[in-house]
Amino acid sequence: MSTLFFYTLQHFAVDGICGATLAAYAVNEPFLEPIIFYFSLYNLLAFGTQFLIGYLLDKRENFLPYAPIIALALLSLGTISELGISIQIVLIGLGNSLFHVAIGSVVLRQYDTYKELGIFVSSGAIGLALGLNFFVDAKIFVLIYALATVIIFRRNVISKQIDTPESSRKKFPSLPWNVACLCVMLLLGCIVLRSFGGGNNSAQYVMLFPCVYAAGKILGGICCDSLGYKNTIALIFIVGFLSLQWNGLFAAVTLTLASNMTMPLTLRLVHWCKPNFPGLMFGLAAGCLLPGFFLENFNVVPQAMIVIQFLSLFVAGTLFAREKIFQREAAQQ
C-alpha cells in the first residue's frame with residue numbers, strides 16, 4: 001500500500017485528535033469567552049508556529065523521520081484532561097504544527113506533481129469535523145495515528161525514502177530572489193483570500209463542507225496533473241464564476257469546491273520558490289490560513305475573490321513559466 005495513504009491517514013488522525021480534544025473541553029465549559037480564547041490559542045500554535053518549526057526541520061533534515069513520533073507523544077499527552085486545558089492546548093497545538101511541517105515537507109520532497117499534495121491535505125478537514133462533533137473519540141484517533149506512524153517509520157528508515165534538500169535542488173531550479181519574492185507574495189495572498197472564502201453554511205452542515213474541502217483539494221491536484229496549470233486555473237475560475245449564478249446551498253458548495261481546488265497549486269508553487277526549504281514554505285502557507293479564523297466576520301465579495309485569486313495564480317504561473325520551472329510539465333503534454 002502506498003506510503004501516501006498512510007501520510008493521509010496520519011493527517012486525518014492528527015486533526016481528529018485536536019478536534020476531539022477541543023470538543024471535550026468546550027462541552028464542559030459553561031462560558032463562551034474561555035472557549036474562544038483557547039480555540040484561538042490552539043490555532044495560533046498549530047498554524048502560527050509552522051514556519052519556524054519548518055525552518056528548523058529544513059536545517060536538521062535527519063530529524064524528519066522522528067518528528068511524527070515526537071508529535072505522537074505531544075498529541076497523546078494533550079488528550080489527558082487532568083493536565084488542564086492550558087497545557088493540553090500547548091501540547092496539541094505544537095504536536096499538530098510539528099506533524100504538518102514534517103510530513104508536509106516530506107510529501108513536497110518525495111513527489112513533484114500536484115495530486116499527491118491534494119490527497120495529503122484533503123483528510124484533515126474530515127478528521128477535524130469528526131472530532132469536533134464527537135463522532136469519533138480522541139483515543140481512537142490516537143490509535144489510528146500511532147499505527148500509521150509505526151508503519152511509515154519502518155518504511156522510511158528501512159528504504160530511506162525521504163529526499164534531501166540537495167535532491168530537491170536538483171529537481172527544481174531556484175528562482176531569482178526578486179521573482180521568488182513576488183511569487184511568494186502572490187501565492188500567499190491567494191491563500192489568505194481562500195481562508196475567507198466559502199463554507200459559510202458549514203455550521204449547519206457539519207460533514208458536508210469538510211467533505212467538499214477534501215474533494216476540492218483532491219480535484220485540484222488531479223486536474224493540474226491532467227490538464228496542466230493554466231487550464232486548471234481557468235477551470236477554477238469558471239467553476240467559481242458559475243457558482244455566482246446560483247443561490248443557496250448549491251452555490252456555497254460550488255464556490256467552496258472551486259476555492260479549495262487552489263490548495264495543491266499554491267503549496268507546490270510556494271515550494272518551488274525556495275525548493276531547499278520545504279518545511280519553511282509549507283509553514284508559511286499554513287500560517288496564511290489564520291486570518292480566516294481571527295477575522296471570521298470579514299466578508300470578501302465572492303466576485304472579487306474569484307477574480308483576484310485567478311489573477312494571482314495567473315501572474316505567478318506566468319513568472320514560473322518564464323523561468324522554465326514548468327519545463328517538465330510542458331514536456332509531458
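Caption draft 1: Here's a closer look at the overall build of the protein chain. In terms of helices and strands, the protein chain carries 17 helices and zero strands. Within the protein chain, the proportion of its 333 residues that are buried is 52%. Counting contacts in the protein chain only where the partners sit at least 6 residues apart, residues at least 24 apart contribute 85% of the total. When the accessible surface of the protein chain is summed, it comes to about 14800 Å², and 69% of that surface belongs to carbon and sulfur atoms.

Caption draft 2: Representation of the pattern of salt bridges within the structure. For the structure on display, the rule yields three salt bridges. For the salt bridge of D58 with R109, the shortest nitrogen-to-oxygen distance reads 3.9 Å. Placement of the pair is D58 in helix α3 (residues 50-59) and R109 in helix α5 (residues 85-110), with a sequence separation of 51 residues. Exposure class is identical for D58 and R109. Each is buried. Where K115 meets E116, a salt bridge forms, and the shortest distance between an N and an O atom there is 3.5 Å.

Caption draft 3: Just a nonpolar patch on the surface, in detail. A cluster of nonpolar side chains, L44, F293, F294, L295 and F298, forms an exposed patch at the surface whose accessible area comes to about 450 Å². For F293, the position within the fold is in helix α15 (residues 290-294).

Caption draft 4: Quick peek at the packing of helix α10 (residues 208-227) against helix α13 (residues 263-273). Where α10 contacts α13, the two axes come as close as 7 Å, and the packing angle between them is 60 degrees. In terms of orientation, α10 lies oblique with respect to α13. Across from K217, G220, G221 and C224 in α10, the residues of α13 making contact are M263, P264 and L265.

Caption draft 5: A look at the confidence of the model for the protein chain. On average, residues of the protein chain score 88 in pLDDT, and 89% of them are at 70 or above. Contacts for the low-pLDDT stretch residues 164-170, under 50 throughout, to residues beyond four places or in other chains number 10 contacts.

Caption draft 6: The arrangement of the side chain of E29 in detail. Relative to the helices and strands, E29 resides in the loop between α1 (3-26) and α2 (32-48). The side chain of E29 sits in the buried core without any salt bridge; K139 is the nearest counter-charge, 19 Å away. Look past the residues within four positions of E29 in its chain and what remains in contact with it is P34 and I35.

Caption draft 7: Fine view of the packing of aromatic side chains. The full count for this structure, using the stated rule, is 14 aromatic pairs. Ring geometry for F237 and F310: centres 5.1 Å apart, planes at 50 degrees, overall tilted. Residue F237 is found in helix α11 (residues 229-243), and its partner F310 is found in helix α16 (residues 302-322); the two are separated by 73 residues along the sequence. Every member of this aromatic cluster is reached through a ring pair, and the members are Y25, F37 and Y38.

Caption draft 8: Region of interest: α10. The end-to-end C-alpha distance of α10, which contains 20 residues, comes to 27 Å, matching closely the 28 Å that a straight helix rising 1.5 Å per residue would cover. The set of residues buried in α10 consists of F209, P210, V212, A214, G216, K217, G220, G221, C223 and C224. Just beyond α10, the residue with positive phi is G228, at close to 95 degrees.

Caption draft 9: Molecular detail of the nonpolar core. Formed by 80 residues in total, the largest nonpolar core has its most connected members in F120, Y145 and C273. With residues up to four places along the chain from it excluded, the contact list for C273 reads L175, A180, C183, V184, L187, M281 and F320.

Caption draft 10: Fine view of the packing of helix α4 (residues 67-78) against α5. Two elements in contact, α4 and α5, have axes separated by 8 Å at closest approach and are oriented at 155 degrees. In terms of orientation, α4 lies roughly antiparallel with respect to α5. Here α4 and α5 pass one another in a crossing that is left-handed. Of the residues in α5, those touching α4 at A67, P68, I70, A71, L74, L75, L77 and G78 are Q88, L91, I92, L94, G95, N96, L98, F99, A102 and I103. A class-by-class count of the residues in the contact of α4 with α5 yields 14 nonpolar, four polar and no charged.

Rules and cut-offs
- Each residue is numbered by its place in its chain's sequence as written, counting from 1.
- This being a predicted model, a pLDDT of at least 70 is required before a residue's local features are given, and a value of 80 or more before pairs of side-chain atoms are given or counted; all residues contribute to the totals for chains, interfaces and linings.
- The side-chain values count all of the structure's non-hydrogen atoms but skip hydrogen atoms and water molecules.
- In this description a helix means any DSSP run of H or I spanning at least four residues, a strand means any run of E spanning at least two, and both kinds are numbered starting from the N terminus.
- Accessible area is worked out with a 1.4 Å probe on protein chains only. A residue is then buried under 20% of its type maximum, exposed over 50%, and partly exposed in between.
- Here a residue-residue contact requires only that any non-hydrogen atoms of the pair lie within 4.5 Å.
- Computed by Shrake-Rupley with a 1.4 Å probe, the accessible areas treat only the displayed protein chains as cover when residues are assessed.
- Take a side-chain nitrogen of Lys or Arg and a carboxyl oxygen of Asp or Glu: if they are within 4 Å of each other, that pair is a salt bridge.
- Candidate patch residues must exceed 30% relative accessible area and have no salt bridge, after which like charges are joined if within 9 Å and Val, Leu, Ile, Met, Phe, Trp or Tyr side chains if within 5 Å.
- To define axes, lines are fitted to C-alpha atoms, for helices over the stretch in contact only, and angles between the resulting N-to-C directions are given on a 0 to 180 degree scale.
- In these notes the angle categories are as follows: under 35 degrees is roughly parallel, over 145 is roughly antiparallel, 65 to 115 is roughly perpendicular, and the rest is oblique.
- Each residue carries a pLDDT value, the predictor's own confidence for that position, ranging from 0 to 100.
- We score Asp and Glu as negative and Lys and Arg as positive, and we do not count His or the chain ends.
- Only the six-membered ring of Trp is used, alongside the rings of Phe and Tyr, when aromatic pairs are assigned; centres must lie within 6.5 Å, and planes under 30 degrees apart are stacked while those over 60 apart are edge-to-face, with the rest tilted.
- Multiplying 1.5 Å by the helix residue count minus one yields the expected span of that helix.
- Note on terminology: a nonpolar core comprises buried Ala, Val, Leu, Ile, Met, Phe, Trp, Tyr and Cys residues joined through side-chain atoms within 4.5 Å.
- Note on convention: near helix rotated counterclockwise from far helix by under a right angle means a left-handed crossing. Clockwise means right-handed.
- Here the term charged refers only to Asp, Glu, Lys and Arg, the term nonpolar to Ala, Val, Leu, Ile, Met, Phe, Trp, Tyr, Cys and Pro, and the term polar to all other amino acids, Gly among them.

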